[in-house]
Amino acid sequence: MSNDATAAPTTATAGRTFPEGFWWGSATAAYQIEGAATEGARGPSIWDTFSHTPGRTLNGDTGDVADDHFHRWQEDVGHIEDLGLDAYRFSISWPRVQPGGSGAFDEEGIAFYSRLVDALVEAGVRPVATLYHWDLPQELEDAGGWANRATAHAFAEYARRMARELGDRIDVWTTLNEPWCSAYLGYASGVHAPGRTEPAAALAAVHHLNLAHGLACRAVREELGASARLSVTLNLHVVRPDDPSSDDDVDAVRQIDALANRAFLGPMLDGAYPDDLLADTADVSDWSFVREGDLEIARQPLDVLGINYYSTAKVRRFTGDGQRQENDGHGASASSPWVGAADVEFVQQPGPYTAMGWNIEPAGMTELLCSVAAAYPDQPLMVTENGAAFDDEVSDDGRVHDPRRVAYLNDHIEAVGAAVDAGADVRGYFAWSLLDNFEWGYGYGRRFGIIRVDYETQARTWKDSAYWYRELVRTGSLPPITRGE
Ligand code: FCB
């Protein structure tokens, strides 16, 4: 694969075909696209507070307006339909449907999602609803946030009500999106809302998110019975040792794997926290917030396990000489998200990189899917996010030529196909993202969409990647791509 800007364009005809019934989708999240932050009864979320706090986001960007999807949802469903997507993954804004996160629900807020879901079904698109994509009602944060056990119970009640309201029309319920980010970036490094830098609180958040997941699964099943299809989306980390022959570096991988992956897979799929995780973090917390019965609740049968994959990481034992590197791709902070792993250093990965600075390594996708499939052979999997930010420009011809995004998507979908060939039970793939949107701490400074959004006019323009993806969805087979631009 050539990423050399000077290389002559070459046309590759990959042509890989995917199984009948494989879902092709695209994903978004409420706070990143909706805007209408104070419309109706919507209450503030931790991301409203965080983004309005000076210095927290690039250029002080907020989700106040974002893609104005709240008002333009019909047009956006039209794009989804024109793309021919089998499924659309969106998230419900908790503070829009239940301002404050407890007590009364707002009928108008719920009606927004009800209309959206109806329109998707009408267009022949399967709705995949995420209940929590990071926008915790601020009032719940004021009471302790995810470090507070009561938040998990509040979440289950919210999930129950959504199941009751929308359940007959939602194909897959996803409880949480990337609880790793909610816990460690929100409460340890503080680069995400609520911006706290309290390592012990981050571990409590890990547990309460696992508990919330289990309680919400139970609540949705109680409402909908056996027809409910449940999932969670994890951003599992592909971590490699700097020197594979070094026991220290291999042990550093084990530490990060425990914090990033097994801290969630353990409770949710095996009903237990890994012993090494508890031992590694013993100086930070005694984990006394884990109560009897919690792990039984956290472990719920999942119809599908969602996996988000973007990049890989390389670690080594930090010897204490010089400055410790933290090139983990999760944003610069004085505090580390890697609670209890101060002796682990993240090594800069070789390029090429996306505009996020994340290294591009499609083989990591195959490796990740195969390793999860090997550990949990009976668990169906779905790639619920994958994509890339690049500094797209509108050309003189009015189009957005994004060959690097097309190549990124092509190569990662090819890598998903390789995992399927190797026996991984992968049921679908969702491109992140349908639209350029509010990229959290990076604000509008990073564009992940296959559709461009002009934030001045809110005009949507299909990038070349959108046309390419439409062809893939139509044929079920990878269309030819041109490389080297
Ligand atoms: C994931 C998030 C998603 C988006 C992508 C780029 O971590 O789930 O909202 O920001 O990264």
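Residues numbered from 1 in each chain as written. Predicted model: local features only at pLDDT ≥ 70, side-chain atom pairs only at ≥ 80, totals over all residues. Heavy atoms only, no water.

1. Concerning the overall build of the chain
Part 1: In terms of helices and strands, the chain carries 15 helices and 15 strands.
Part 2: Taking 485 residues into account, the globule formula puts the C-alpha radius of gyration at 23 Å, and the chain, at 21 Å, falls close to it.
Part 3: Evaluated residue by residue, the chain yields a buried proportion of 62% over its 485 residues.
Part 4: Partitioning the contacts of the chain with sequence separation of at least 6, the portion at a separation of at least 24 is 77%. (Helix = DSSP H or I, 4+ residues; strand = E, 2+ residues; numbered from the N terminus. Rg over C-alpha atoms; globule rule 2.2 N^0.38 Å. Buried < 20%, exposed > 50% of the residue type's maximum accessible area, 1.4 Å probe, protein only. Contact = heavy atoms within 4.5 Å.)

2. As for the sheet that holds strand β11 (residues 381–385)
Part 1: Taking strand neighbours around the barrel as the criterion, the 8 strands line up as β2-β3-β4-β5-β6-β8-β11-β12 in a closed arrangement whose pairing is parallel. Here the average twist between neighbouring strands, direction ignored, is 25°. (Pairing = 2+ DSSP bridges. Axes fitted to C-alpha atoms, helices over the stretch in contact; angles between N-to-C directions.)

3. Details of the confidence of the model for the chain
Part 1: Per-residue confidence for the chain gives a mean pLDDT of 95; residues scoring 70 or more make up 97%.
Part 2: Every residue in residues 1–13 scores below 50 in pLDDT, and together they form 19 contacts with partners more than four places removed in sequence or on other chains. (pLDDT = per-residue confidence, 0-100.)

4. Overview of the packing of aromatic side chains
Part 1: A full pass over the atoms with the stated rule returns 34 aromatic pairs.
Part 2: On the basis of an interplanar angle of 20° and a centroid distance of 5.9 Å, the ring pair of Tyr88 and Phe90 is categorised as stacked.
Part 3: An aromatic cluster is defined as three or more aromatic residues linked by ring pairs; in this entry it consists of Tyr31, Trp47, Phe50, Trp134, Phe438, Trp440, Tyr444 and Tyr455. (Phe/Tyr/Trp six-rings, centres within 6.5 Å; stacked < 30°, edge-to-face > 60°.)

5. Thoughts on the site of the ligand
Part 1: The environment of the ligand is formed by Gln32, His133, Trp134, Asn177, Glu178, Tyr310, Glu385, Trp432, Glu439, Trp440 and Phe448.
Part 2: One of the side-chain nitrogen or oxygen atoms of Gln32 is found 2.7 Å away from an oxygen atom of the ligand.
Part 3: Between the ligand and the protein, one listed contact pairs an oxygen atom with a side-chain N or O atom of Trp440 at 2.9 Å.
Part 4: If the ligand stood free it would expose 290 Å²; the protein chains cover 95% of that surface.
Part 5: Broken down by class, the residue content of the shell around the ligand amounts to 5 nonpolar, 3 polar and 3 charged. (Near = heavy atom within 4 Å. Polar contact = N/O pair within 3.5 Å; in protein donor to acceptor, adjacent residues only side chain to side chain. Areas by Shrake-Rupley, 256 points an atom, 1.4 Å probe, with all protein chains shown as cover. Nonpolar A, V, L, I, M, F, W, Y, C, P; charged D, E, K, R; others polar.)

6. Overview of the packing of helix α14 (residues 403–421) against helix α15 (residues 464–475)
Part 1: One way to put it is that α14 packs onto α15 with a least axis distance of 9 Å and a crossing angle of 30°. Our classification of the angle between α14 and α15 gives roughly parallel. Contacts between α14 and α15 involve Arg405, Val406, Leu409, Asn410 and Ile413 on the former and, on the latter, Asp464, Ser465, Trp468, Tyr469 and Leu472.
Part 2: Class assignment for the residues of the contact of α14 with α15 results in 6 nonpolar, 2 polar and 2 charged. (Parallel < 35°, antiparallel > 145°, perpendicular 65-115°, else oblique.)

7. Details of the sheet that holds strand β9 (residues 312–317)
Whether parallel or antiparallel, the strands of a sheet pair through hydrogen bonds between backbone atoms.
Part 1: Spatially, β7-β9-β10 is the arrangement adopted by the 3 strands of the open sheet, whose pairing is mixed. This sheet does not close on itself; its edge strands, each paired only once, are β7 (238–241) and β10 (344–347). This sheet shows a mean twist of 40° between the axes of neighbouring strands, independent of strand direction.
Part 2: Pairing geometry for β7 and β9, over 4 bridges, is parallel. Across the sheet, residue Arg240 finds its bridge partner in β9, namely Lys314.
Part 3: Of the strands in this sheet, β7, β9 and β10 are in contact with helix α10 (residues 247–270), which crosses β9 at around 125°.
Part 4: Helix α13 (residues 363–375) contacts β7 and β9 of the sheet and is inclined by roughly 105° relative to β7.

8. Observations concerning the state of the cysteines
In a disulfide, the sulfur atoms of two cysteines are held together by a covalent bond.
Part 1: A complete count under the given rule lists 0 disulfides for this structure.
Part 2: Cys181 takes part in no disulfide bond, and the closest cysteine sulfur to it belongs to Cys217, at a distance of 19 Å.
Part 3: Residue classification places Cys181 among the buried residues on the basis of a relative accessible area of 6%. (Disulfide = S-S within 2.5 Å.)

9. With respect to the packing of helix α8 (residues 179–187) against helix α9 (residues 199–224)
Part 1: The geometry of α8 relative to α9 is characterised by a closest axis approach of 8 Å and an angle of 160° between their N-to-C directions. Between α8 and α9, the angle is such that the two are roughly antiparallel. In this structure, α8 meets α9 at a crossing whose hand is right-handed. For the pair α8 and α9, the contacting residues are Pro179, Ser182, Ala183, Tyr184 and Tyr187 in the first and Pro199, Ala201, Ala202, Leu203, Ala205, Val206 and Leu209 in the second.
Part 2: Looking at the contact of α8 with α9 residue by residue, the classes come out as 11 nonpolar, 1 polar and no charged. (Left-handed = near helix turned anticlockwise from the far one by under 90°.)

10. Remarks on the environment of Trp462
Part 1: Structurally, Trp462 is set in strand β14 (residues 460–462).
Part 2: Its relative accessible area of 10% is what places Trp462 among the buried residues.
Part 3: Separated by 183 residues in the primary sequence, Trp462 and Ala279 have C-alpha atoms spaced 50 Å apart.
Part 4: Excluding residues within four positions of it along the chain, Trp462 makes contact with His79, Asp82, Leu83, Ile450, Ile451, Tyr467 and Arg470.
Part 5: Within the structure, the side chain of Trp462 is placed 3.0 Å from the side chain of His79, a separation counted as a polar contact.

11. As for the environment of Ala252
Part 1: In this fold, Ala252 is placed in helix α10.
Part 2: Apart from residues lying up to four places away in sequence, Ala252 is in contact with Val315, Arg316, Arg317 and Val344.

12. Describing the side chain of Arg149
Part 1: Within the fold, Arg149 resides in helix α7 (residues 149–166).
Part 2: Assessed through its relative accessible area of 17%, Arg149 is described here as buried.
Part 3: Of the polar contacts made by the side chain of Arg149, one reaches the side chain of Asp294; its length is 2.9 Å.
Part 4: Beyond its immediate stretch of four places on either side in the chain, Arg149 contacts His208, Leu211, Phe289, Arg291 and Asp294.

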